[in-house]
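Observations on chain architecture
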Amino acid sequence: MLLDQYRIRQEPYYRPLKDEVELFGAAYANRMPVMLKGPTGCGKTRFIEYMAWRLGRPLITVACHEDMTAADLVGRWLLDAEGTVWSDGPLTTAVRLGAICYLDEIVEARQDTTVVIHPLTDDRRVLPLEKRGELIHAHSDFQLVISYNPGYQSAIKDLKESTKQRFAALDFGYPDRSAETEVVSREAGIEPNLADLLVKIAQHSRNLKGQGLDEGASTRMLVNAGRLIGCGISLEKACETTIVVPLTDDADTRNTLRDVISASA
């Protein structure tokens, strides 16, 4: 079957932080569209992978970008050896066959593209295919999930109120120190004391948000640093490669981060 390639076969590691698993399960039971709000690298994508596995539903993920058109989501007419044929986009495939469709970082997409989801996010649960002259009623198992980073809010990159108000929303943030240490240790395969040290460095960097940094070090960055350390790279070099250089090009801010890392080592 087409959806088999989208099924998650093994349980993804996810550490619940509050009641997000219960809340998402209730939302899915009502086929309610859900928005996952939180900073980059805090576990939103891992959470939806875990919930798709837990619910036994295929997951179709779309990485949104500024050049994405409505046709990229719903489909388009294509030419092949036999003539013109219609090819469903990922959203249409999920709607027809009953998958969870996850639009990752939806604010990256143009607003005139994202309005195509509006008829799917109210009681109608329909997807109009204007170019095909077809109206698809969503499969009973279909659910729409989007992720949204409030840190990107601006006049240009933000969701319309008419879009946001169609979704139930779950807030995600970085875990507390003990929980994040557990996650980093488990995901990077390093000792808890080393994972705790990386978390301490990240917490210092997050205090610099708005003071030279748009965002501090994410949990994902810490896992990457831990994996390099596990391969024999020094703490300073690993943090330089996975935290300092990716976060900023400003020399003064880089030096501040290096000072934090040196003081923690």
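Residues numbered from 1 in each chain as written. Predicted model: local features only at pLDDT ≥ 70, side-chain atom pairs only at ≥ 80, totals over all residues. Heavy atoms only, no water.

Identification of the chain as CbbQ/NirQ/NorQ/GpvN family protein from Bradyrhizobium quebecense is taken from an unreviewed UniProt entry.

Here we take up the environment of cysteine 231. Looking at where cysteine 231 falls in the secondary structure, it is placed in the loop between helix H9 (219–230) and helix H10 (235–247). On the accessibility criterion, cysteine 231 (67% relative accessible area) is exposed. (Helix = DSSP H or I, 4+ residues; strand = E, 2+ residues; numbered from the N terminus. Buried < 20%, exposed > 50% of the residue type's maximum accessible area, 1.4 Å probe, protein only.)

Quick look at the nonpolar core now. Judged by nonpolar contacts, the single largest core of 31 residues is most densely connected at Leu91, Leu103, Leu127 and Phe142. Of all the secondary-structure elements, those providing two or more residues to this core are strand E2 (59–63), helix H3 (70–74), helix H4 (90–97), strand E5 (100–104), strand E6 (126–129) and strand E8 (143–148). Listed in part, the 25 residues of the second largest apolar core include Ala188, Leu222, Val223 and Leu235. (Core = buried A, V, L, I, M, F, W, Y, C linked by side-chain atoms within 4.5 Å.)

With that settled, the discussion passes to the pattern of salt bridges. Charged atoms that come close allow side chains of opposite charge to pair. Using the criterion set out here, one finds 18 salt bridges in the structure. Arginine 254 is paired through a salt bridge with aspartate 249; the nearest N and O atoms lie 3.3 Å apart. Look at aspartate 249 and you get exposed, because its relative accessible area is 72%. It is possible to trace a salt-bridge network through shared partners that takes in Arg46, Glu49, Arg186 and Glu187. (Salt bridge = Lys/Arg side-chain N within 4 Å of Asp/Glu carboxyl O.)

This part is about the packing of helix H8 (residues 192–206) against helix H11 (residues 251–264). Between H8 and H11, the least distance of the axes is 10 Å, while the angle of their chain directions is 150 degrees. Between H8 and H11, the angle is such that the two are roughly antiparallel. Considering only the axes of H8 and H11, their crossing is right-handed. Judged by residue contacts, Leu197, Lys200, Ile201, His204 and Ser205 of H8 engage Leu257, Val260, Ile261 and Ser264 from H11. When grouped by side-chain class, the residues that make up the contact of H8 with H11 number 5 nonpolar, 3 polar and 1 charged. (Axes fitted to C-alpha atoms, helices over the stretch in contact; angles between N-to-C directions. Parallel < 35°, antiparallel > 145°, perpendicular 65-115°, else oblique. Left-handed = near helix turned anticlockwise from the far one by under 90°. Contact = heavy atoms within 4.5 Å. Nonpolar A, V, L, I, M, F, W, Y, C, P; charged D, E, K, R; others polar.)

With that settled, the discussion passes to the side chain of asparagine 149. Structurally, asparagine 149 can be placed in the loop between E8 and helix H6 (161–164). Using a relative accessible area of 2% as the deciding quantity, one classes asparagine 149 as buried. At a separation of 3.1 Å, a polar atom in the side chain of asparagine 149 contacts the side chain of threonine 40. Among the polar contacts listed, one links the side chain of asparagine 149 to the side chain of glutamate 215, at a separation of 3.0 Å. What asparagine 149 contacts, discounting residues up to four positions off in sequence, is Gly38, Pro39, Thr40, Glu105 and Glu215. (Polar contact = N/O pair within 3.5 Å; in protein donor to acceptor, adjacent residues only side chain to side chain.)

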